[in-house]
Amino acid sequence: MVKLQKPAFAFMNGKLVPWDEATIHVGAPALIRGISVFEGIKGYWRHDESHLALVALRPHYDRLQRSAMLQHLPFSMSYQEFADACFTIVRKLLSQDRDLWIRPTLFALEGHWGIDTVTDLVITCYNQEKKAPDPISLGVSTWQRPIDTALPYRIKSAANYQMGRLARIEGRRQGFHDVIMLNQQGRVAEATGSCVLIVRDGAVLTPPSTEACLESITVNIIESICASHGIPFHRRPIDRTELRIADELALTGTLTEVAIVQHFEDREMPEARLLSHLRDEYFACARGLKENSLMPLTPV
Ligand code: PMP
């Protein structure tokens, strides 16, 4: 689980500002209507500790551009300008003994119902322990993922996390670390901040994003790791009952990495041999021990 900190600086309005001065006006559409889109990007120290690298920076920039476009938020930064902004805050807050993650958020600062919208890219950066995620317990929420025409799940917008928050609160009361949200057809969509991987008969399965999940960058990486090891990987709709009979279960995403599900509802899961192997391979790529073309590492 990610614990939020209060770092010394944030990146705002094109420069570093002290944390307490990184504020947004109460009149901003970002606050009044929750108009913002964002990314979560992870930085890992290389295995030999020589430098820290950001994972899949370009794919995150591209998805932020798509989110901004779909949400009608002006975002004119080039990839290089975006990367430089990320480097600025990371270099300021970098600590040799910690990995980190950054949250670039494009906030709507001015505008009215989409007219004369003015945005700013704000980046916050948080240190994290250098360790693989602990196994988790997982339930199924009564809250559902909306359809594309209700609240487009393809847009990584703040608004999309309203449901996730309700679902997390519900799940926590029941003693689960996280919960699966089903789509409007009652099939598996995703967890509150990550995608779902299940193993059946030696194949790794995940729902396609049209089942109401974010277009995940990590799932693409896992797919390519599977391809390089000859492990069958399929994107297909997953029924709720398949969660209960799965041989293995895990959640995956940039910050979740690959979190093995040890308990699903009241069931203790069998040992996740295949998904643990994928998790180890994922970390080998993240720390530069192995190469993966879908997991480009940008040294800071
Ligand atoms: N679904 C949701 C709702 C998420 O917040 C995330 C994390 N960004 C994911 C899936 C996984 O996406 P990614 O692998 O690109 O981090």
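Let me begin by describing the structure that accompanies this report. (Residues numbered from 1 in each chain as written. Predicted model: local features only at pLDDT ≥ 70, side-chain atom pairs only at ≥ 80, totals over all residues. Heavy atoms only, no water.)

**A few points about the site of the ligand**
By nearness alone, 14 residues border the ligand, and Tyr161, Glu190, Ser216, Thr218 and Thr254 come closest of all. Between serine 216 and the ligand, the recorded distance is 2.7 Å, taken from a side-chain N or O atom to an oxygen atom. Threonine 254 is positioned such that a nitrogen or oxygen atom in its side chain is 2.6 Å from an oxygen atom of the ligand. Against a free-state accessible area of 380 Å², the protein chains account for coverage of 95% of the ligand. Among the residues making up the shell around the ligand, the classes are represented as four nonpolar, seven polar and three charged. (Near = heavy atom within 4 Å. Polar contact = N/O pair within 3.5 Å; in protein donor to acceptor, adjacent residues only side chain to side chain. Areas by Shrake-Rupley, 256 points an atom, 1.4 Å probe, with all protein chains shown as cover. Nonpolar A, V, L, I, M, F, W, Y, C, P; charged D, E, K, R; others polar.)

**A short note on helix α3 (residues 79–93)**
Over its 15 residues, α3 extends 21 Å from the first C-alpha to the last, a length consistent with the 21 Å expected when each residue adds 1.5 Å. Buried residues of α3: Tyr79, Phe82, Ala83, Ala85, Cys86, Phe87, Ile89, Val90 and Leu93, and no others. (Helix = DSSP H or I, 4+ residues; strand = E, 2+ residues; numbered from the N terminus. Expected span 1.5 Å × (residues − 1). Buried < 20%, exposed > 50% of the residue type's maximum accessible area, 1.4 Å probe, protein only.)

**Focus: the nonpolar core**
In terms of nonpolar packing, the biggest core is built from 29 residues, with Leu54, Leu57, Phe75, Phe82, Ile102 and Ile123 touching the most fellow members. When residues of this core are traced back to their parent elements, those giving at least two are β4 (41–45), β5 (52–55), α2 (57–70), α3, β6 (99–112) and β7 (115–128). Membership of the second largest hydrophobic core comes to 27 residues, among which are Val219, Ile221, Ile225 and Val258. (Core = buried A, V, L, I, M, F, W, Y, C linked by side-chain atoms within 4.5 Å.)

**Notes on unusual backbone geometry**
In the Ramachandran plot, aspartate 116 falls in the positive-phi region, its phi being about 55° despite a non-glycine side chain. In this structure, aspartate 116 sits in strand β7. Located in the positive-phi region is glutamate 265, a residue other than glycine, with phi close to 50°. Inspection of the secondary structure puts glutamate 265 in the loop between β15 (257–264) and β16 (267–268).

**Considering helix α7 (residues 273–286)**
Taking 1.5 Å per residue as the helical rise, α7 with its 14 residues ought to reach 20 Å, and the 20 Å between its terminal C-alpha atoms agrees with that figure. Burial within α7 is extensive, with eleven of its 14 residues counted as buried. Every buried residue of α7 is accounted for by Leu274, Leu275, Ser276, Leu278, Arg279, Glu281, Tyr282, Phe283, Ala284, Cys285 and Ala286. Backbone geometry just downstream of α7 places glycine 288 in the positive-phi region, at approximately 75°.

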